[in-house]
Number of protein chains: 2
Amino acid sequence: MKDFKYYAPTEVIFGKNSEEQIPALLKKHGATKVLVHFGGGSAERSGLLPLIRTLLTQAGIPFRELGGVVPNPHLSKVREGIALCKKEGLDFILAVGGGSVIDSAKAISYGLCYDGDVWDLFCGKAELKAAAPVACVLTIPAAGSEMSEGCVITNDEDGQFLKRSCGGDPARCRFAVMNPERTYTLPAYQTACGITDMMMHTMERYFSHDDDMTITDALAEALLRTVMDLGPRVIANPNDYRLRAQVMWAGSLAHNDITGCGTTGDWGTHDLEHELSGMFDVAHGAGLAAIWGSWARYVRHENLTRFVQFAVNVMGVPNDFKDPDGTALRGIAKMEEFYRSIGMPTGITELIGREITNEEILEMAHKASNGGTSTLGNFKVLHEVDMVAIYCMAAKSK
Amino acid sequence: MKDFKYYAPTEVIFGKNSEEQIPALLKKHGATKVLVHFGGGSAERSGLLPLIRTLLTQAGIPFRELGGVVPNPHLSKVREGIALCKKEGLDFILAVGGGSVIDSAKAISYGLCYDGDVWDLFCGKAELKAAAPVACVLTIPAAGSEMSEGCVITNDEDGQFLKRSCGGDPARCRFAVMNPERTYTLPAYQTACGITDMMMHTMERYFSHDDDMTITDALAEALLRTVMDLGPRVIANPNDYRLRAQVMWAGSLAHNDITGCGTTGDWGTHDLEHELSGMFDVAHGAGLAAIWGSWARYVRHENLTRFVQFAVNVMGVPNDFKDPDGTALRGIAKMEEFYRSIGMPTGITELIGREITNEEILEMAHKASNGGTSTLGNFKVLHEVDMVAIYCMAAKSK
């Protein structure tokens, strides 16, 4: 069991009409002039942005707006946000949207407290020490960024589209407003991507060699089983408040570290996927589904017992005590079956709509390993050659 | 499903040697002059207090000490702490001990930010609006006060020994240092009391009419099953780090509200118990075990399905679909069997060592209902007459 720190200070306001509390929350958390940050037109069309404008105006809270955040959010937009905040003296960033918008807001907040180039923090040239306060109004449950210490940005400026993360305590949202009704209009595919992402946030923490924390396991397994039960039902009933609410809250629980206390997370699948969605601009959740099974089969012998536990406790596979590897493999296959049942790809061809080339695989592995100089993952430490092997397996997977 | 707020901002530092981080944590959270608050001699004998003195002195953090907190902590000690802090200009309270010490520290912190009599806040004459910062070094896992918003104090000044609670966001510890090794010396009986308390903190939230939050249920049920598995094992192996660590962390999870998101807690058993431990000065956990089964049998028809779910999902009772009441009753009985297996009483006679008198029962119900003017609980709202009935059932229970 690993020593751990658990720190999830975000104040979560969850439920119908929770948006009405935004002005009071902003004042409580010290905002004086706010950047309202968002993505495309959906927050406008849904009436959420107009509502927030009205609430802030009525409360006398000055604000500026910056929209246009894209999925796999771009560094160039982050720079625009930093410049706007500095020019207008904005001291608090309110993200309205999903993980991409929240991550873009976090990166802007880093830049406001760092004198150098903000990308330094993402490529390891400087350490994150402070950030301006950020909060969010969540509309897409998935990324978990509303309670996490993480943030991922894609560098769109040099044609390489490197996707890198930077996080820490300063990245925690001060508050998160979550109204499940705001997620009713989320299309089935994006809902499924979100469900995949919350499964993976839990599984990245679950596949660990620090596997003696029964209580953490029990919570993680309960979360995984419940999300698998809810997933197909919420896709079939997109306007069911109860189902949407539980999926929304599951996304936060999957990434606020409650399922990682005492374990060392792996994160290899996430890092391998970042290259995929960086290169092909596919949805992060779909990319995770496309690669996880190959990762799992490749690494399972590092701790086969863990995969057996996963198969039995999470996937409900009968334990064949004389054939642990068979049990483990059936658990992996059943997870892939689940992904396919909610419309997710379980191979790269289906993900990107054509066969990936060997050159593309080599390029992704080269980028993911920083030119062969670094590794990914903890459950099995992946070198460039391992990354090539996993991408090749996923290229052949159906 | 109820709208909810989830806010658990306490920074938890968990593991071996975690005490070494105390000076840095105090500085990070703004302490300049600290009250070190503790109970009896065990923190001294174990070497924990000497270690803290050394750490604070080395770090140049001035401090004063106040010991002598008793179980079911007293208002008179709270007043002593408030006076000492004011006299010495102490601005941060570090509780070293278990729930009683932390609650005493919280009450002192309330008093430092309230101009009137601190008891006003506990008897409903005034509202808690602010408190001085509190943190803790936890040595007894049970109460969950290290992450909760609650605090319970006994008024020892007028001979009535009224036990009342007062809480809210200001009552959250800034940080909690938890080293499972500090709990090795905790005797079996107190360990069992702690296990009962963490079971009950989860069950008070679980027995709710807002019973459509599958994800909250799944976490609560996982926690309850795991604690029941760990309980007898940790009592048999008090020096097992892995077991002690999980029990310690379970105590925080049981009371940081993660198992209460979207539900309305009951808290009837807790409130009925407060009169018992107020009158007889018994351990809170033992008092809960002595009364819960009677509460459960008395209220079960308010939502029998919930008791069936508890019996099946938590207690592992086979579901007799044609006899839900039988299934529910077997679940309650099996819970009581568990309590007895770890040495807890399941009736008042065993708890207090003699038969309770009718006069004592009437007095407790009269106090618990504030002279017949108020009610307890939510699963079933309990009036004075219901309280008498439950105490009578518990008086006859073995």
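Look up a bit, the structure's there.
Let us look at the structure shown here.

### A closer look at the overall build of chain A
Inference 1: Along the backbone of chain A there are 16 helices and eight strands.
Inference 2: By the compact-globule yardstick of 21 Å for 398 residues, chain A fits well, its C-alpha radius of gyration being 21 Å.
Inference 3: Seen through its principal axes, chain A has C-alpha atoms that stretch 70 × 45 × 45 Å.
Inference 4: For chain A, with 398 residues in total, the buried portion stands at 60%.
Inference 5: Across chain A, every contact between residues at least 6 apart in sequence was considered, and the portion connecting residues at least 24 apart equals 76%.

### As for the side chain of A:S208
Residue and element names in this part refer to chain A.
Inference 1: Position of S208 among the secondary structure elements: in the loop between α7 (188–206) and α8 (214–236).
Inference 2: With a relative accessible area of 1%, S208 lands in the buried category.
Inference 3: A distance of 3.2 Å separates a polar atom in the side chain of S208 from the backbone nitrogen of T264.
Inference 4: In contact with S208, not counting residues within four places along its chain, are T263, T264, N303, R306 and F379.

### A closer look at the interface of chain A and chain B
Inference 1: Listed as interface residues are 37 residues of chain A and, on the opposing side, 37 residues of chain B.
Inference 2: Of the roughly 3,400 Å² buried between chain A and chain B on both sides combined, carbon and sulfur atoms contribute 64%.
Inference 3: The largest per-residue losses of area from chain A upon contact with chain B belong to A:Y6, A:I215 and A:W249, which jointly make up 18% of the total buried on that side.
Inference 4: Where chain A packs against chain B, one counts two salt bridges.
Inference 5: Of the charged contacts, one joins B:E11 and A:K5 as a salt bridge, the two residues approaching to 3.3 Å between their closest N and O atoms.
Inference 6: At the boundary of chain A and chain B, one finds 18 residue pairs in polar contact (both at pLDDT 80 or more).
Inference 7: It is strand β1 (residues 4–14) of chain A that provides the largest number of residues to the side of chain A that touches chain B, a total of eleven residues.

### Some remarks on the packing of aromatic side chains
Inference 1: Here the structure, examined in full by the defined rule, presents 38 aromatic pairs over all chains.
Inference 2: Ring centres 6.2 Å apart and planes at 45° place the aromatic pair B:W295 and B:F307 in the tilted group. In this pair, B:W295 is assigned in helix α11 (residues 284–299) and B:F307 in helix α12 (residues 304–314), connecting sequence segments twelve residues apart.
Inference 3: By relative accessible area, B:F307 is classed as buried at 0%.
Inference 4: The exposure class of B:W295 is buried, given its relative accessible area of 1%.
Inference 5: By the ring-pair criterion, three or more aromatic residues cluster together here, those being A:Y206, A:F207, A:W292, A:W295, A:F307, A:F310 and A:F379.
Inference 6: Across from the ring centre of A:Y241, 4.4 Å away, lies the NZ or CZ of A:K16, which sits over that ring.

### Some points on the relation of the copies chain A and chain B
Inference 1: Overlaying chain A with chain B gives an RMSD of 0.0 Å, the required rotation being 180° about an axis along which the chain moves by 0.0 Å. As the rotation angle and translation indicate, the two copies are arranged about a two-fold axis. No C-alpha of chain A lies nearer the rotation axis than that of A:P9, which sits 1.8 Å from it.

### Topic: the sheet that holds strand β5 (residues 134–138) of chain B
Inference 1: Across the sheet, which stays open at both edges, the twelve strands sit in the order β3(A)-β2(A)-β4(A)-β5(A)-β8(A)-β1(A)-β1(B)-β8(B)-β5(B)-β4(B)-β2(B)-β3(B) with mixed pairing between neighbours. Here the strands that pair on one side only, and so sit at the sheet edges, are β3 (63–66) of chain A together with β3 (63–66) of chain B. Strand-to-strand twist across the sheet, computed as the mean angle between neighbouring axes with direction ignored, equals 25°.
Inference 2: Sheet topology note: the strand β1 (residues 4–14) of chain B/strand β8 (residues 175–178) of chain B ladder contains four bridges and is parallel. Counted as the bridge partner of B:I13 is B:V177 from β8(B).

### So, the nonpolar core
Inference 1: Counting 231 residues, the largest nonpolar core has A:W249, A:W292, A:Y391, B:W249, B:W292 and B:Y391 as its most contacted members.
Inference 2: With sequence-adjacent residues up to four places away left out, A:Y391 is seen in contact with A:L272, A:E275, A:L276, A:I291, A:I348, A:I361, A:M364, A:A365 and A:A368.

### Side note on the state of the cysteines
All names here are of chain A.
Inference 1: The tally for this structure, following the rule as stated, stands at zero disulfides over all chains.
Inference 2: Free cysteine C136: the closest other cysteine sulfur is in C173, separated by 4.1 Å.
Inference 3: According to the relative accessible area criterion, C136 is buried, its value standing at 0%.
Inference 4: C151 takes part in no disulfide bond, and the closest cysteine sulfur, belonging to C166, lies 6.6 Å away.
Inference 5: C151 gets classed as buried once you look at its relative accessible area, which sits at 2%.

### Here's the deal with the pairing of β1(B)
Inference 1: Burial within β1(B) is extensive, with ten of its eleven residues counted as buried.
Inference 2: Summarising the sheet, β1(A) and β1(B) pair through seven bridges and their orientation is antiparallel. Following the sheet pairing, A:V12 is matched in β1(B) by B:Y6.

### Digging into unusual backbone geometry
Inference 1: The phi angle at A:W267 is positive, at roughly 70°, despite the residue not being glycine.
Inference 2: Residue B:D257 is not a glycine yet carries a positive backbone phi of 85°.

What counts and what doesn't
Residues numbered from 1 in each chain as written. Chains lettered and ligands numbered in written order. Predicted model: local features only at pLDDT ≥ 70, side-chain atom pairs only at ≥ 80, totals over all residues. Heavy atoms only, no water. Helix = DSSP H or I, 4+ residues; strand = E, 2+ residues; numbered from the N terminus. Rg over C-alpha atoms; globule rule 2.2 N^0.38 Å. Buried < 20%, exposed > 50% of the residue type's maximum accessible area, 1.4 Å probe, protein only. Contact = heavy atoms within 4.5 Å. Polar contact = N/O pair within 3.5 Å; in protein donor to acceptor, adjacent residues only side chain to side chain. Buried area = accessible area lost by both parts, 1.4 Å probe. Salt bridge = Lys/Arg side-chain N within 4 Å of Asp/Glu carboxyl O. Phe/Tyr/Trp six-rings, centres within 6.5 Å; stacked < 30°, edge-to-face > 60°. Lys NZ or Arg CZ within 6 Å of the ring centre and 35° of its normal. Least-squares fit on C-alpha atoms with pLDDT ≥ 70 in both. Pairing = 2+ DSSP bridges. Axes fitted to C-alpha atoms, helices over the stretch in contact; angles between N-to-C directions. Core = buried A, V, L, I, M, F, W, Y, C linked by side-chain atoms within 4.5 Å. Disulfide = S-S within 2.5 Å.

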